Structures are given as C-alpha cells and as structure tokens.
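Listed below are the residues making up each chain.
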Amino acid sequence: MMNYCGLVAVKNEPVSLKSVAVDVRVQGHVATVTSTLLYVNGEQRPLEAVFVFPLPGESAFCHFSAKLGDTEVVAKLQDKQKAREQYDDALSSGHQAFLLEESDQSPDVFQVNVGSLPPGESAAITLVYISELAMQADDALRFCLPAVLNPRYTPQEMDSSKMATVPDTLALSAHLSSPQPISKVESNCALEPLVYLNADETQATVSLSSGHVFDRDVELLLYYHDAHKPTAIVESGQDSAEPGSLMGDPLVMLSFYPEFPAAVLSTLSTSGEFIFVVDRSGSMDCRMHSGNDAKMRIESARDTLLLLLKSLPMGCFFNIYGFGSSFESFFPKSVEYKQNTMDEALQKVNGMKADMGGTNILEPLQHLYSQPCIPSHPRELFIFTDGEVVNTKQVLDLVKLSVNCHRCFSFGIGEGASTALINGLAQEGSGHAQFITGTDRMQPKVMQSLRYALQPAVKDISVDWDLPDGVSVTTLSPPLKVLFHGQRALLYAQLKGESSGNPEGSVTIQYSLLEETVKNQLGFCLKPTGDTGVTLHRLGARALIRSLEVEERAGGPEAAALREKLLQLSLQSGVSSTHTAFIATHMGSGQAVQGPLLRRTKPTPNFRRSGFGGPMTMCSSMAPMVPTGRMSPRPPRSGISAMDNPETFDMEGRAMLDDEDGFDVQDPLLQLISLQKATGSWDIDSSMAKVLVKSDDELAKLMPLGADKAVWATTLALIWLYGLRLEARDEWQFVAMKAASWIQAQKVGRVSQCVQAGNALLGCQVQQKTLGL
C-alpha cells in the first residue's frame, strides 16, 4: 500500500462504512456490476480512509464516482503518477479527493483512497466493472462477488497492510438477459424467487433475501438452455471515437464451445509427469467454511492427495511440493509411480501441516520449471492454494514463459482465493481452474481436473475470417492453445475498414481432437442496428491490455513504447490498467487541513482461528506489518524428514485407521482407498475387514473355492464402491478403473463367483458389467 502524504494513525477506531449495495446486469455470458459503498465520518476531525477490495482478475474496470452530500463527482481516468500527484495536492489544499488504482502486483486488487472527509459528512462511492462469467462443469455460468481479501504473503521489497471487514449486510439484485431462455438460478446464499419479465423467459430478475449476512463470497449460478452454443456477436463502434481506433470500429466476440464425443471422453492416457504443488502456509490452517463439520484446508488437501496418488496410472512419474515462506519437495526429481514410491509419498502426505509461514509460490515454480521434462511423459502441474500471494503478476509471467513444456491446473481453496492468481495460472498454463468455496468438497473437483489431464484435449486451434473486400480483422485476444471438455473460450477481434456491398461476414474455427479435424462456421452481420453499447469493446480492450502488460514486464528495448501504447489504450477505452488510475476531487473550503488527518480501519475478527471467510476489507497505510507466521526465507531442500511419521503406517505404508492427525479416519471411503495398492488391487486382511464392517472369518469363509485372494479382495472393494458409495463416484472413478483393469489383467477364473459372493456378503446387487469386469 502507498503511504500518501506520510499520514499516520492516531487511534484504532473503526471507520463507519454504513452499507454496500450491488446491482448486476447480465447479458448472456457477460456481467456488468455496479457496487455502491456508503461511508460516514463519525470523527471530530477530517478522516482519510483507504479501502482495498477484490475483483475478478479478468474484469474490465470502467467507472468510479463519489457522491458527497448532494454533490456527485465522477472520476476521470488519468496517468497513474499524475493522478497520485493531483490527489496529494487536493488533500494538502483541504479539498476532498478520491483515488482508485489497480494494485501493481495483482490485477484483482483495487484500492480506493477516500481522501479528506470532513466530520459528520457522508460519501457514497460507486464502482462499475464488466466481467466474463465462468463456465461450470454442470453447464452453469458462475458470477461471484468476492467478500474477502485475506492477508497476503508480501515479499520483503513490498509493503504490507492491515486487513479488516466491511458491514455485515449486503443488498444485491441482478437483472438477467440471454439469447437463450433462462432455466434457473442457484446460489450459495438465500435468494428471492426468480421473476421472469417476458413470455419466452429470456429476461428475469433475482435478488438476495433481505438481511443477507455478508460472511462469504456471494455466488450465482445461471442456467441457460443451449448455453454452450457457439455464437458470434458484433458490437458497433462509438460515434464519438476516432475512426480506425479500437473504440471507433465494430468489435466481434466469438463464443467457442467444442463438443467432445463419448468415445473421446472414455479415452484416457497412461503416461505423464504429475507434479502436485500444495500450499502449506499458515492460512491453510483455516476451515473450509463456517459450518460445524468443516475441515481445515490442509486436512482437505491431504485427503485429496491420497485420492490423487491412488488414482495415477502405473508407469507415470510424479512429485509433490509443499510451499510456504520456503518450499520442500518429496523427491529430488520426479520418480516413477510404483508401490514403493507411492507408499513413501503417502507417508509424507499424512504428516503434512500448515506450518511453513507465508505463501511464496514463485520459488517452487522456478525450481520445478528448472527440472528437465521426461520424454513421452507430458508434464501436468496441479497447484493448490488459498490464493494469498501478492506478486501475482510475477508468478503468471513465469508460468507463461514455461507454457510450452507443461499444463497447469489450479485450485482456489476457501473463501477469498485470488481469481487473478487461480484463473491466471490455468490460462497462462493452458490448463483449467477450479474454486472450492462454501461447502464444496475439494475431491470431486480435483478428480475432474485429473480426468481433463488424462483425456484428449482440443488442440491445433485456428480461426479463419471470411470478410468482404475493404474489411480486415485484428485479433485482440491471445491465441487459443488448448481447450478441455466443458471449457468455453471468448475471443475478441476488431473489424477495420468499410464495405460498400455485402454486410455479412463469417468465421471458421478449426481444431483437432484425437485424430479428427473439426470445423465450425459462424456467420454475423458487420453493422448491427440500434445502440449496442460498449461492453464488448471494453472487454476486448481489457484482453489486449493484459497481453501488452505481460510484454512490457518482460523488458527489452520496446518497454517504453509498450508503456505508451498501454497508457493510450487504457485512456481511450476507459478501462483501468497498471499505468492509470481514477481520480476525482471536490472543492471544499480551499483552506489547508489543520492538524493530522486520521487514518481509520475497521477491527479485524480472527478468521484464522474460527475458519470463517471474511467480507471485503479495509486497509491502512500504516507501518508495514509482517503477516502471521511469516518466516525468513531459507534454501529449498528435497525430502521432508519433518513430515515423516512411520508410526501411523504399517510396514507397507498403508494408513492405519487410528491415525488422528493424517487422513480422515472417519470416512470409510478414504479408509478403503488408503488400502489400495499402486497396481489397483487390494489384499484380504484385518484393515480391509474393518472398513467393510465384517470379521476376518466372514471374508475368508465366503471367498469362492479356488479364487485368488487379491482378486476376491479387489472385487469386494469394487462392489462396496458401486453398491454403497455410488454418490461419490466422481471421487473414486479412477481408483475403480485401476481395480477393474488389474482384475482383467490377471486372467484368472472365478470372477463371476466372486461378484456373486461379494454381493451376498455386502448386501448389494451390483452387476458384473457395472464393475467393468
């Protein structure tokens, strides 16, 4: 945080932020969000407050205004340095000033300097941004209003800030409009009934129930009919903008959703190098949500790693990194997946704790990218974090530089995970992002990403335009490299020139999936009628701004020219960037402020102890504060002897069922999975009997005569999974596939008898075909 005017805090009393109101306007796959924050200065002297809040990292910020009493001032976008100087000058002259700028380190963090607010005065700040809605696995479009910005790890060369909360209540309403009918809206919060505004149900309104407590991210899931249908939408240029400029020319947005046939979805790879990078900072010792049954984040991560390690195919390679202020790897380099390496890894996973201080993800990424790739084993990187890092842009630049040698799958854990970090890791790493919030279970989402990593993906994507003479196209979005099942891409392009004849154009999207080449052709009108607004233009400008910022940070002789291009594009489009800021001033008495301005923050509840996700945050530009648990950096090392705990495992590395500090011993599913061997088989023993709630004698007595003991045990495990835990199939699907493949590879008889006897023993009626046998 910047220390404007050298101000210091005199007291630590709360600033009075009275209310938060949010209006959401959804148009198909895009949302325009207007937030209004009402402040009141209850002090006897002028007050300067600094408000820090999170936005989706891919959003286009486009409006900032402040209403002081009956007077409203609308901020102008200016060069950031000039805006800061104007803000300082206004304060020193006794005027009220408001400054909003994007964090230099993370594009999803904005800070509002409220400025000099006289005693007893109120100020309503209005913020507007536009964002793409993320596609979910169940065909929903997801809107999320972040309610928390957790204390973040701060590298030594950066300042840090104190965090606090905003009011407990929130008013939110949403207006929905879509080319396809709206089927339903769901939320993790209580909603008023959905109200349709027309007969074809393409427009509707919905709002949060009154008295909503703002203690978590607010998530809306929108379901449309044919939501994934490819489209090409054209938006007219602004009449007031210069012809030939981005804002003056028409802009087209392509929505691309590839279809995956069933045969493709059933094809899974048996090779790969799987690297799991797990956040072990102090913040991972928070609960996943506010419910009484909520696990600690690190507990859920341990259970998920158990599932992952049991689900990997034989013959692949793997490694696990833990990171905090420093980092550690289980093995000096990735090792082949087999029984002894799996056992060793499980033993270390079982002892993982959130005990590594701050959250520095940059160093472990630098280390693993320095490791040579393994021929014929594509590198698949899985990153688990609660998103509490400050140097987001530096991390994403590193991932982008290494994109040709790996894919990155990212997971934001708990409330407040940085959308810029989690989405950025997946976007720059050609992977897929998942967020685990509220009562979501981590395991099914992670296993879905593992399936993406093992399944064929859409590759060799090309976009070819067919336009009339005199019209050309300039692509604003970065090129598409890969898409997974269930992913959607939005591409923006500027249409230049004029056509006196044909007003129609078309675009062909071609890609390869396995050995097949697929083409999709879309037509569109070059000159749409009516006022189409500038929503798509601003999102297109946002996409180009982000790409140019990455180029600029890479340095080189073009850096100065790129900065100027970025500045002009930001000012022209009205979309903020790292080089611009919104500044608004309101002329007051014209006399310099007498005495020191008071710096106020709201008190911070101890969310780390309770596990609650906190709401939006108020920060102070006071002396830097070291985050809780931050440690001095130390050299990385391989192997984690501190995590070894052999007393919790038997001689073969299998989790004992009385372990209280490792895997979830109360979940029979995880108990059963912990007993599976790397090959996919199980053994008949007392641990197996305990999970099945049977005696050793019962298991031995009902085993068909002449049956192989391991085949019998593995068949029982499959029947138990399909017959008693079918609802969790997303979590154990790969475990079951390995088991069925192992049984088939044994080429032994009596399998049908084992299935029949197993059903009788467990009280199930699972068909042999269902088990994959």
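What you see is a predicted model, and the numbers here were worked out from it, not measured in a lab. (Residues numbered from 1 in each chain as written. Predicted model: local features only at pLDDT ≥ 70, side-chain atom pairs only at ≥ 80, totals over all residues. Heavy atoms only, no water.)

Trainee: Explain the overall build of the protein chain here, please?
Mentor: When helices and strands are tallied, the protein chain shows 17 helices and 35 strands. Of all 773 residues assigned to the protein chain, the portion counted as buried reaches 58%. The long-range fraction of contacts in the protein chain, counting pairs at least 24 apart against all pairs at least 6 apart in sequence, stands at 75%. On the protein chain, roughly 30,800 Å² of surface is accessible, and the fraction owed to carbon and sulfur atoms is 50%. (Helix = DSSP H or I, 4+ residues; strand = E, 2+ residues; numbered from the N terminus. Buried < 20%, exposed > 50% of the residue type's maximum accessible area, 1.4 Å probe, protein only. Contact = heavy atoms within 4.5 Å. Areas by Shrake-Rupley, 256 points an atom, 1.4 Å probe, with all protein chains shown as cover.)

Trainee: Just to check I follow, could you spell out the environment of Leu346 for this structure?
Mentor: On the secondary structure map, Leu346 appears in helix α4 (residues 339-350). Residues Leu346 and Ser674, 328 residues apart in the sequence, show an inter-C-alpha distance of 8.8 Å.

Trainee: What should I look at first to understand the pattern of salt bridges in this one?
Mentor: Two side chains carrying opposite charge are able to pair once their charged atoms lie near each other. Following the criterion strictly, the structure yields 22 salt bridges and no others. Taking the shortest distance from any N to any O, the salt bridge between Lys184 and Glu186 comes out at 3.1 Å. For Glu186, a relative accessible area of 31% corresponds to the partly exposed category. Salt bridges linked by common partners bring Arg280, Glu328 and Asp355 together as one network. (Salt bridge = Lys/Arg side-chain N within 4 Å of Asp/Glu carboxyl O.)

Trainee: Before we go on, may I ask you to explain the packing of helix α15 (residues 709-724) against helix α16 (residues 729-746) in this structure?
Mentor: In a packed pair of helices, the relevant descriptors are the angle between the two axes and the axis-to-axis distance. Viewed as axis vectors pointing N to C, α15 and α16 meet at an angle of 150°, and their least axial separation amounts to 10 Å. Between α15 and α16, the angle is such that the two are roughly antiparallel. α15 and α16 meet at a crossing whose hand is left-handed. Residue-level inspection shows Ala710, Val711, Thr714, Thr715, Leu718, Leu721 and Tyr722 of α15 in contact with α16, the latter providing Arg729, Trp732, Ala736, Ala739, Ala740, Trp742, Ile743 and Gln746. The residue inventory of the contact of α15 with α16, partitioned by class, reads 11 nonpolar, three polar and one charged. (Axes fitted to C-alpha atoms, helices over the stretch in contact; angles between N-to-C directions. Parallel < 35°, antiparallel > 145°, perpendicular 65-115°, else oblique. Left-handed = near helix turned anticlockwise from the far one by under 90°. Nonpolar A, V, L, I, M, F, W, Y, C, P; charged D, E, K, R; others polar.)

Trainee: Would you take a moment to explain the sheet that holds strand β27 (residues 459-466) for this structure?
Mentor: The strands that make up a sheet pair up through hydrogen bonds in the backbone, lying either parallel or antiparallel. Overall, antiparallel pairing links the three strands, which are arranged β27-β30-β31 in an open sheet. Looking at the sheet topology across the chains shown, the edges are occupied by β27 and β31 (516-525). Each neighbouring strand pair of the sheet contributes to a mean axis angle of 15°, computed without reference to strand direction. Two strands pair when backbone bridges link them, and β27 and strand β30 (residues 504-513) are joined in this way by six bridges, in the antiparallel orientation. Bridge pairing in β30 places Ser462 opposite Gln510. (Pairing = 2+ DSSP bridges.)

Trainee: In this structure, what is going on with unusual backbone geometry? I would like to understand it.
Mentor: Most peptide bonds are trans, and most residues other than glycine sit at a negative phi. Notably, Asp139 is not glycine yet its phi reads approximately 75°, a positive angle. The phi angle at Ser376 is positive, at roughly 65°, despite the residue not being glycine. When you line up the elements, Ser376 lands in the loop between α5 (362-369) and β24 (379-385).

Trainee: Would you mind showing me how to read the side chain of Asp249 here?
Mentor: Within the fold, Asp249 resides in the loop between β18 (231-235) and β19 (251-256). One buried charged side chain, Asp249, makes no salt bridge at all; its nearest oppositely charged neighbour is Lys496, positioned 5.9 Å away. Every residue in contact with Asp249, bar those within four places of it in the chain, is listed here: Ser236, Gly237, Pro243, Gly244, Gln494, Leu495, Lys496 and His537. (Lys, Arg positive; Asp, Glu negative; His and termini not counted.)

Trainee: Explain the packing of aromatic side chains to me, please; I cannot follow it from the model alone.
Mentor: Each aromatic ring pair is specified by the distance between its two centres and by the angle formed by the two planes. Applying the stated criterion to the full structure yields 13 aromatic pairs. With a centroid separation of 6.0 Å and an interplanar angle of 15°, the aromatic rings of Phe382 and Phe411 are classed as stacked. Of this pair, Phe382 sits in strand β24 while Phe411 sits in strand β25 (residues 407-413), and the two are 29 residues apart along the sequence. For the residue pair Phe382 and Phe411, the accessibility class agrees, reading buried in each case. Between Tyr452 and Phe484, the aromatic rings sit 5.9 Å apart at their centres with planes inclined by 20°, giving stacked as the arrangement. Of this pair, Tyr452 sits in helix α8 (residues 442-454) while Phe484 sits in the loop between β28 (471-475) and β29 (489-497), and the two are 32 residues apart along the sequence. (Phe/Tyr/Trp six-rings, centres within 6.5 Å; stacked < 30°, edge-to-face > 60°.)

Trainee: Would you take a moment to explain the pairing of strand β10 (residues 122-132) for this structure?
Mentor: For a regular strand, the rule is simple: side chains alternate between the two faces of the sheet. Burial within β10 is extensive, with 10 of its 11 residues counted as buried. Relative to β10, strand β2 (residues 30-40) runs antiparallel, the two being bridged by 11 bridges. When the bridges of β10 are listed, Leu38 appears paired with Ala124. Summarising the sheet, strand β5 (residues 60-68) and β10 pair through eight bridges and their orientation is antiparallel. Paired with Phe61 across the strands is Tyr129, a residue of β10.

Trainee: Explain the sheet that holds β28 here, please?
Mentor: Pairing is antiparallel in the open sheet, where four strands are placed in the order β18-β19-β29-β28. Looking at strand neighbours, the two that pair on one side only are β18 and β28, the edges of this open sheet. Neighbour-to-neighbour, the strand axes of the sheet open up by a mean angle of 30°, direction not taken into account. Of the pairings in the sheet, the one linking β18 to β19 comprises five bridges and is antiparallel in character. Residue pairing in the sheet places Val234 in a bridge with Val252 of β19.

Trainee: Even after reading the chapter, I still don't get α16, so can you show me in this structure?
Mentor: Side chains of residues three or four places apart in an α-helix project in the same direction, reflecting 3.6 residues per turn. For α16, which comprises 18 residues, the first-to-last C-alpha distance of 25 Å matches the rise-based estimate of 26 Å (1.5 Å per residue) to within 8%. Taken as a whole, α16 carries its principal kink of about 30° at Val735. Burial in α16 covers these residues: Glu731, Trp732, Gln733, Phe734, Val735, Ala736, Lys738, Ala739, Ala740, Trp742 and Ile743. Where α16 is buried, its residues contact α3 (297-311), α8, α12 (668-674), α15 and α17 (751-762). (Expected span 1.5 Å × (residues − 1). Bend = angle between axes of the 7 residues up to and from the residue.)

Trainee: Please explain the packing of helix α6 (residues 392-401) against helix α7 (residues 419-428) as it appears in this structure.
Mentor: Running from N to C, α6 and α7 cross one another at 15°; their axes reach a closest spacing of 9 Å. As far as their axial angle goes, α7 and α6 are roughly parallel. Crossing handedness for the pair α6 and α7: right-handed. For the pair formed by α6 and α7, the contact residues are Thr392, Val395, Leu396, Val399 and Lys400 on the first element and Ala420, Leu421, Gly424, Leu425 and Glu428 on the second. The residue inventory of the contact of α6 with α7, partitioned by class, reads six nonpolar, two polar and two charged.

Trainee: Would you explain the confidence of the model for the protein chain in this entry?
Mentor: In low-pLDDT regions, the fine details of the predicted coordinates are not to be read closely. In this model, the protein chain carries an average pLDDT of 80, and 82% of its residues clear a pLDDT of 70 or more. Scored below 50 in pLDDT, residues 590-661 shows 219 contacts in the model against residues more than four places distant or in partner chains. (pLDDT = per-residue confidence, 0-100.)

Trainee: Please clarify how α7 should be interpreted in this entry.
Mentor: For α7, the tally of buried residues reaches eight of 10 residues, placing the bulk of the element in the interior. Turning to α7, the residues buried within the fold contact β24, α6, β25 and β26 (432-436). Phi turns positive, to about 55°, at Ser430, one or two residues after α7.

Trainee: Before we go on, may I ask you to explain the pairing of strand β17 (residues 218-224) in this structure?
Mentor: Within β17, seven of the seven residues are buried, which leaves the element mostly enclosed by the surrounding structure. Of the two faces of β17, the one holding Val218, Leu220, Leu222 and Tyr224 and the one holding Glu219, Leu221 and Tyr223 are both buried throughout. With five bridges connecting them, strand β12 (residues 141-145) and β17 associate as antiparallel partners. Bridge pairing links Arg142 to Leu221 in β17.

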